[in-house]
Amino acid sequence: TQMRERTSTALSDPLIDMSDFGSVRDTRATTTRQRRRYRSLLRRAIAQVASELQLSKIGTPRRLDLAAAEEHVRFFLPKDSTGNLLNLRCSEDEFSARVGTGVALYMRFVR
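Keep in mind the model is a prediction, meaning the values are calculated, not measured.

1. A short note on the overall build of the chain
For step 1, the next point in the chain: Of the regular secondary structure elements, the chain holds four helices and zero strands.
For step 2, the next point in the chain: Helices and strands appear in the chain in the N-to-C order α-α-α-α.
For step 3, the next point in the chain: A buried classification covers 9% of the 111 residues belonging to the chain.
For step 4, the next point in the chain: Taking as baseline every contact in the chain between residues at least 6 positions apart, the subset at least 24 positions apart corresponds to 28%.

2. Observations concerning a nonpolar patch on the surface
For step 1, the next point in the chain: A surface patch of nonpolar side chains, amounting to about 550 Å² of accessible area, comprises Val103, Tyr106, Met107, Phe109 and Val110.
For step 2, the next point in the chain: With respect to the helices and strands, Val103 occurs in helix H4 (residues 101-110).
For step 3, the next point in the chain: Relative accessible area serves as the criterion here: at 40%, Val103 is assigned to the partly exposed category.

3. Notes on helix H1 (residues 32-58)
For step 1, the next point in the chain: For H1, built from 27 residues, the straight-helix expectation of 39 Å at 1.5 Å per residue is met to within 8% by its first-to-last C-alpha distance of 39 Å.
For step 2, the next point in the chain: Within the span of H1, buried status applies to Tyr38, Leu41 and Gln48.
For step 3, the next point in the chain: Just downstream of H1 lies Gly59, where phi reads positive at about 80 degrees.

4. Concerning the packing of helix H3 (residues 92-99) against H4
For step 1, the next point in the chain: Between H3 and H4, the shortest axis-to-axis distance is 7 Å and the interhelical angle comes to 135 degrees. Taken together, the axes of H3 and H4 are oblique relative to one another. On H4, the residues that touch Glu92, Phe95, Ser96 and Val99 of H3 are Thr101, Val103, Ala104, Met107 and Arg108.
For step 2, the next point in the chain: Residue composition of the contact of H3 with H4, grouped by class: five nonpolar, two polar and two charged.

5. Notes on the environment of Arg74
For step 1, the next point in the chain: For Arg74, the position within the fold is in helix H2 (residues 66-76).
For step 2, the next point in the chain: Taking the C-alpha atoms as reference, Arg74 lies 8.2 Å from Leu85; in sequence the two are 11 residues apart.
For step 3, the next point in the chain: Look past the residues within four positions of Arg74 in its chain and what remains in contact with it is Lys79 and Leu85.

6. Section: the packing of aromatic side chains
For step 1, the next point in the chain: Summed over the entire model, instances satisfying the criterion amount to one aromatic pair.
For step 2, the next point in the chain: With 5.0 Å between their ring centres and 90 degrees between their planes, Phe75 and Phe76 make a pair best called edge-to-face. For the residue pair Phe75 and Phe76, the accessibility class agrees, reading exposed in each case.

7. Concerning the confidence of the model for the chain
For step 1, the next point in the chain: For the chain, per-residue confidence averages 76 on the pLDDT scale, and 73% of positions sit at 70 or higher.
For step 2, the next point in the chain: Mean pLDDT values for the elements of the chain range from 82 in H4 up to 90 in H2.

8. A few points about a positive patch on the surface
For step 1, the next point in the chain: A surface patch of positive charge is lined by Arg35, Arg36, Arg39 and Arg43.
For step 2, the next point in the chain: Following the sequence through the fold, Arg43 ends up in helix H1.

9. Examining the environment of Ser81
For step 1, the next point in the chain: Within the element layout of this structure, Ser81 appears in the loop between H2 and H3.
For step 2, the next point in the chain: You can call Ser81 exposed: its relative accessible area is 66%.
For step 3, the next point in the chain: The sequence separation of Ser81 and Glu94 amounts to 13 residues, and the corresponding C-alpha distance is 9.8 Å.

So, how was this worked out
Residues numbered from 1 in each chain as written. Predicted model: local features only at pLDDT ≥ 70, side-chain atom pairs only at ≥ 80, totals over all residues. Heavy atoms only, no water. Helix = DSSP H or I, 4+ residues; strand = E, 2+ residues; numbered from the N terminus. Buried < 20%, exposed > 50% of the residue type's maximum accessible area, 1.4 Å probe, protein only. Contact = heavy atoms within 4.5 Å. Patch = residues over 30% accessible without salt bridge, like charges linked within 9 Å, V, L, I, M, F, W, Y side chains within 5 Å. Areas by Shrake-Rupley, 256 points an atom, 1.4 Å probe, with all protein chains shown as cover. Salt bridge = Lys/Arg side-chain N within 4 Å of Asp/Glu carboxyl O. Expected span 1.5 Å × (residues − 1). Axes fitted to C-alpha atoms, helices over the stretch in contact; angles between N-to-C directions. Parallel < 35°, antiparallel > 145°, perpendicular 65-115°, else oblique. Nonpolar A, V, L, I, M, F, W, Y, C, P; charged D, E, K, R; others polar. Phe/Tyr/Trp six-rings, centres within 6.5 Å; stacked < 30°, edge-to-face > 60°. pLDDT = per-residue confidence, 0-100. Lys, Arg positive; Asp, Glu negative; His and termini not counted. Charge placed at Lys NZ, Arg CZ, Asp CG, Glu CD.

Written out as structure tokens, the structure is:
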């Protein structure tokens, strides 16, 4: 028989140990220290449930595709008026028009 991997969830492995709360009659925190502790435990439980929810939305990761990554990066690179990548030896005016004045000034400073 196949062994299924056990998945941990907020309900199967809670962050809050219910024995920490005592009996039903003792659940009302009377001291500031107890209230802080209960709030801290509640925050941890909420964070765990929220992170599990986000993780379940992600699904299985896609296989890395170098061609898709190259296309994505190429989209953000500066291009000339015809849509081709901007030549490294273009004029400063053309470079400034495509990437912005701030980047052009920085490049001039670095040179």
